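Chains, contacts and geometry: an overview
Listed below, chain by chain, are the residues.
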Amino acid sequence: MSNNAFSRGLTHVESGGFDASTSLLTGISASGAGSEGAWTEVIASTDADADTIYVYLAYLSGGGTVEDVLIDIGVGAAASETVFIENIPFSGRATTVSTSDVVCLPIQIPSGSRISARANADAAAVMGVGIALYKGNEKSFAFSGAKAFGVTAAFGGVSVDSGAAANTKGSWVELDASTSDTIRGFWIHLGLLENAIIGVATGDFIDIGIGAAASEQVIVSNHYLNVHTSEYSMPSTFYDIEIPSGTRVSARRQCSDTDATDRLRSVAILGLI
């Protein structure tokens, strides 16, 4: 387990990607062709060592068709970027108002680092990305990077059906058969699987489990979600729980809605490694 983040005493180091003339974030283009777009510089060179990065995300444009986006954060010279935060999931329709999120990651970033971002989306879009760096006190801790588990080729998480029975946990759905890294804590990311209009507002309970099929052990119980009748991005939530390398990870849900389309959600986790 990692240490308690509340004792870290963070101090702001610097920020990038925040356009004071528009009050918007730096635009990162995604072609929608199923592959990552070009890297866009967010910070040219960090002034000091940092051990915490806040990544701010929002849609800038997408014509109302964009639903799911994956964002990489990289470090290094232009044309030689190395990904250290892989596939941050972001879901929601580009024309809705609540399309923003922020993820806080305790990751070491040395002084003099050039930081860039790129995006992969299901349709052409411009994502807004802003980055703020902080340094902790002598009790601080940090990791080498982060990556998503449970990401599908459709740019979002794995579809998890709550089932035809209302308010009853559905079957476990595998997110990752065997984790490639030890996960030192993770964020749960939820999406609406490109369902633009949901018929009724719903309540959801989501479990995350580990272990072999039919023998899953619950490690997150009843993560709560309230879904309104329009599509929007859902904030990521951090759980300070370790998952060993080589672990099978699954999710299951219950929902108050039984409509075959509206009851579906996508689930992925963004893990510290």
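Above this note sits the structure.
For the structure given in this document, a descriptive report is provided here.

Rules used in this analysis
Residues numbered from 1 in each chain as written. Predicted model: local features only at pLDDT ≥ 70, side-chain atom pairs only at ≥ 80, totals over all residues. Heavy atoms only, no water. Buried < 20%, exposed > 50% of the residue type's maximum accessible area, 1.4 Å probe, protein only. Helix = DSSP H or I, 4+ residues; strand = E, 2+ residues; numbered from the N terminus. Pairing = 2+ DSSP bridges. Core = buried A, V, L, I, M, F, W, Y, C linked by side-chain atoms within 4.5 Å. Contact = heavy atoms within 4.5 Å. Phe/Tyr/Trp six-rings, centres within 6.5 Å; stacked < 30°, edge-to-face > 60°.

1. A few points about the pairing of strand β15 (residues 202-210)
Burial of β15 is extensive: 7 of the 9 residues sit out of reach of the surface. Examined bridge by bridge, β15 and strand β16 (residues 217-227) share 8 bridges and lie antiparallel to one another. Counterpart to I208 in the pairing with β16 is V220. Once β15 ends, the chain turns through 6 residues before running back antiparallel as β16, passing G211 with a positive phi of about 120 degrees. Here β15 runs beside strand β18 (residues 249-255); their pairing, made up of 7 bridges, is antiparallel. By the bridge assignment, D207 is partnered in β18 with R252.

2. Let's talk about the nonpolar core
Nonpolar side chains in soluble globular proteins generally cluster together in the buried interior. Ranked by internal contacts, the top residues of the largest apolar core, which has 35 residues, are I53, I73, I85 and L105. Setting aside residues up to four positions removed in sequence, I85 forms contacts with I53, V55, I71, D72, I73, L105, I107 and A146.

3. Observations regarding the packing of aromatic side chains
Inspection of the entire model under this criterion finds 7 aromatic pairs. Geometrically, the ring pair formed by Y59 and F90 is edge-to-face, given 5.0 Å between the ring centres and 85 degrees between the ring planes. A residue pair is termed long-range when its members are at least 10 positions apart, and Y59 in strand β5 (residues 52-61) and F90 in strand β7 (residues 82-91) qualify at 31 residues. For Y59, a relative accessible area of 8% translates into the label buried. A connected cluster of aromatic rings, assembled from ring pairs, spans F18, Y54, Y56 and Y134.

4. Things to note about unusual backbone geometry
The backbone of S23 shows a phi angle near 60 degrees, a positive value even though the residue is not glycine. Mapped onto the elements of the fold, S23 is located in the loop between β2 (18-19) and β3 (24-30). A relative accessible area of 68% places S23 in the exposed class. Phi angles above zero are rare outside glycine, and N167 is one such case at about 60 degrees.

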